[in-house]
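So you can see what is in the structure, the chains are spelled out below.
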Amino acid sequence: MMREIDTDVCVVGGGPAGLVLALLMLRSGARVTVVECARAHQRVARGEILQPGAMELLDALDVLASARARGAHEHHRFLVIEGERVLLEADYRLLPAPHDHLLSVPRPHLLDELLARCRRSPGFRYLPGRRAGALLRREGRIAGVIAEGPPGRCAVRARVVVGADGRFSRIRRLAGIGAGRADAFAQDVLWCTLSTPPEEPPVRDVRVYRTGGGPVLVYGSWPNRIQIGWTLPHRRYGHIAALGLDHVKERLVRAVPRYATLIRDQIRTPADLGVLDVFSARAERWVADGLVLIGDAAHTHSPIGAQGINLAVQDAVVLHPLLARALAEGDTSAERLAEFERRRGPDIAAVMRMQTLQSRAILSQGAFTTRVRPRLTRALRHTPIYRKILQRMAYGNPSIRIADAGVCGRT
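About the criteria used
- Residues numbered from 1 in each chain as written.
- Predicted model: local features only at pLDDT ≥ 70, side-chain atom pairs only at ≥ 80, totals over all residues.
- Heavy atoms only, no water.
- 1 Å grid on protein atoms, 1.4 Å probe; cavity = no way out; pocket = protein on both sides within 12 Å on 5 of 7 lines; lining within 4 Å.
- Points joined across faces, edges and corners; volume = space filled by probe spheres on them.
- Helix = DSSP H or I, 4+ residues; strand = E, 2+ residues; numbered from the N terminus.
- Core = buried A, V, L, I, M, F, W, Y, C linked by side-chain atoms within 4.5 Å.
- Buried < 20%, exposed > 50% of the residue type's maximum accessible area, 1.4 Å probe, protein only.
- Contact = heavy atoms within 4.5 Å.
- Phe/Tyr/Trp six-rings, centres within 6.5 Å; stacked < 30°, edge-to-face > 60°.
- Pairing = 2+ DSSP bridges.
- Salt bridge = Lys/Arg side-chain N within 4 Å of Asp/Glu carboxyl O.

In the annotation of an unreviewed UniProt entry, the protein chain is listed under the name FAD-dependent oxidoreductase and assigned to Streptomyces rhizosphaericus.

This is the structure in structure tokens:
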């Protein structure tokens, strides 16, 4: 027999966007059920860098300190390097304390802390190991999901469903909403994680090395690891991989010779590498009657600039008061929920424009990039323009704040 669950909000996806929203809605008195396809030990994610904007909001939720106490690394600068020359520098130490840095936090550390906070509420249910198999509908509106998986099949009936299930959102597809994919970046990223000796000090900068074979991202990851992301032309990796694993490793060694020994010793099989399809997207619409999309399900971004978690957390914070009022007034129609996209859409468009400019800066060639731009960067470093750009990268929309808890009514 299928288990029946009645809730106010069904969040599909237990990532940063979904769990931050769940915590906020619980604080407002809503009953929240989170459906998550993975189990805790199965969570795999490369993106783990928090911008100051996300840190500030997580601090306000009293989550950040506990998450970073589980293990984290601070990064002071974002650098674009070619040879021995620094072409671009974003120095986060110029921002006001305490969020005057980037923070690399393993995704499970953040998610487990958010989940622990949610579980303190009697109105919270967590359904791990289940995926959304279908949407429930009533009188033409979305009214819940069928959650399927080894732990059992559940009908989760909800006053509103939130799709927070990532860039390949199943909820978005089930609702018949187009993804709006655009291959503006036309790149893939080949990822690997390497372990460094415990006595070696962590890398304190996020670095992009410009090489003849494509830019390579490198940053330190807790506890003693290095994350490496090699940017390749879209769908090019198959041609390189066909030449053999040793060829791929030597290409990486040429790009970042500092890590030659680690690359040669630790990349033993193709499974030690992962390929990320890089694209940007904005769903054709973010809402339907009884449904709202947030995070990557609504808008997908390049990893350039480490904006993913920042945007996910901010989405949840912006949606929270709108959704709480909609529930209190008994109106979760598409017309009512569309206020979320009207408010958040301009911020997302601004980030996409910024990432396009950052991509061009990293990939561009010529004398301006290698000679003129470094001098301009140094000259602008202590000007209001430099700080304004840095503030935009770090915070996005600085006016986003956590709303008072409020009350969610039930009809």
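Moving on, there is more to tell.
### Some points on empty space enclosed by the protein
Under the defined criterion, the tally for this structure stands at two cavities of 30 Å³ or more. Estimates place the volume of the largest cavity at around 60 Å³. Contributing to the lining of the largest cavity are L311, Q314, R344, D347, A350, V351, M354, R392, G396 and N397. Elements with a contribution of two residues or more to the lining of the largest cavity: helix 9 (308-328) and helix 11 (339-363).

### A closer look at the nonpolar core
Of all hydrophobic cores here, the largest spans 82 residues; its most connected members are V9, V32 and L323. Excluding its chain neighbours within four sequence positions, the residues that come into contact with V9 are M25, A30, R31, V32, T33, A158, V160, V162, L323 and L327. Counting residues in hydrophobic clusters, the runner-up holds 26 residues, among them L190, V216, V248 and V256.

### Here's the deal with the packing of aromatic side chains
Scanning all chains against the criterion turns up two aromatic pairs. When the ring of F124 is compared with that of Y126, the centres are 6.3 Å apart and the planes differ by 20°; the resulting orientation is stacked. For the pair F124 and Y126, one class covers both residues: buried. With a centroid separation of 5.5 Å and 50° between ring planes, the pair formed by W286 and F340 is classed as tilted. Of this pair, W286 sits in the loop between strand 16 (274-282) and strand 17 (287-288) while F340 sits in helix 11, placing them 54 residues apart in sequence. As far as burial versus exposure is concerned, W286 and F340 are alike and both buried.

### Focus on the pairing of strand 14 (residues 216-221)
Taken across its six residues, strand 14 has six buried, putting it largely inside the fold. Residues of strand 14 alternate between two faces, with V216, V218 and G220 on one and L217, Y219 and S221 on the opposite face, all of them buried. As paired elements, strand 13 (residues 205-209) and strand 14 share three bridges and run antiparallel to each other. For V208, the partnering residue across the bridge sits in strand 14 and is L217. A loop of six residues connects strand 13 with strand 14, the two strands running antiparallel in sequence, and G214 in this loop sits at a positive phi of about 115°. When strand 14 meets strand 15 (residues 225-233), the two strands line up antiparallel, connected through six bridges. Looking at strand 15, one finds that L217 is bridged to G229. Counting the residues that bridge the hairpin from strand 14 to strand 15 gives three residues.

### Re the pattern of salt bridges
Summed over all chains, the structure comprises 22 salt bridges. Taking the shortest distance from any N to any O, the salt bridge between R31 and D8 comes out at 3.0 Å. Note that R31 is positioned in the loop between helix 1 (16-27) and strand 2 (32-36) and D8 in strand 1 (residues 3-12), a separation of 23 residues in sequence.

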